Amino acid sequence: MAYVLVGFMGVGKTTIGNLLARKLGLKFIDIDEQIELEMNMKIKDIFEQYGETYFRTLEHNILKQHINMNIILATGGGIIENPNNISLLKENKINIWVDTNINTVYNRIVNDVNRPNAMNKSFDAIKDLYFRRRSRYNEIAYISVNNDDELSDCVQEIHNFIIAEEGN
């Protein structure tokens with residue numbers, strides 16, 4: 001069973017996942033990084049050449065391939081755009097919704113060329129997408145953590161939760 005980090009782009013899933021994996025002695029896989037590795041292309045290039053639907057299929061295949069492994073798995077912010085991913089994630093025991101406030105998110109992702117769904121988008125457009133996705137993250141999350149303050153506090157909170165769950 002994977003410990004899956006879900007949440008909007010720019011909330012810190014990759015950074016938290018790396019730190020958490022080291023702390024727990026587990027392997028870390030970032031789905032977006034895995035796609036880039038397997039395709040030998042950047043996400044933005046996949047979007048440009050093949051489109052978002054193709055990317056979402058790749059994303060689903062990577063999720064399906066890794067969800068039953070004992071790893072920390074970071075998903076992309078749009079993982080919940082595919083109903084097949086929602087089904088897979090609902091079957092997973094521990095999905096951790098990482099969140100932060102929309103202003104922080106916007107400042108992290110605005111005009112990031114590696115985030116096709118954020119490029120050239122206004123604050124209101126990003127905010128709308130963020131709020132459209134929130135209910136789906138909540139639907140599949142076992143716990144929710146906030147990454148507004150110290151990153152180490154967020155990692156420790158998730159670590160403590162996982163250790164407590166393993167004891168049950």
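Residues numbered from 1 in each chain as written. Predicted model: local features only at pLDDT ≥ 70, side-chain atom pairs only at ≥ 80, totals over all residues. Heavy atoms only, no water.

A.B. asks: Is there a simple way to explain unusual backbone geometry in this structure?
C.D. replies: Peptide bonds are trans in most cases, and residues, glycine excluded, mostly fall at negative phi. We note that Asn-40 has phi near 55°; this positive angle belongs to a residue other than glycine. Topologically, Asn-40 is positioned in the loop between α2 (31-39) and α3 (43-50). Of the residues examined, Asn-40 reaches a relative accessible area of 71% and is grouped as exposed. (Helix = DSSP H or I, 4+ residues; strand = E, 2+ residues; numbered from the N terminus. Buried < 20%, exposed > 50% of the residue type's maximum accessible area, 1.4 Å probe, protein only.)

A.B. asks: Explain the side chain of Gln-34 to me, please; I cannot follow it from the model alone.
C.D. replies: Its place among the elements puts Gln-34 in helix α2. The residues touching Gln-34, leaving out its near neighbours within four places in the chain, are Ile-29, Ile-62 and His-66. (Contact = heavy atoms within 4.5 Å.)

A.B. asks: Could you clarify how one ought to interpret the packing of aromatic side chains in this entry?
C.D. replies: Given two aromatic rings, one states the distance between the centres and the angle between the planes to describe the pair. For the structure shown, the criterion picks out seven aromatic pairs. Both rings, one in Tyr-106 and one in Phe-123, keep their centres 5.2 Å apart while their planes meet at 85°; by these two values the pair is edge-to-face. With Tyr-106 in helix α6 (residues 102-109) and Phe-123 in helix α7 (residues 123-140), this pair connects stretches of sequence that are 17 residues apart. Ring centres 5.6 Å apart and planes at 55° place the aromatic pair Tyr-142 and Phe-161 in the tilted group. (Phe/Tyr/Trp six-rings, centres within 6.5 Å; stacked < 30°, edge-to-face > 60°.)

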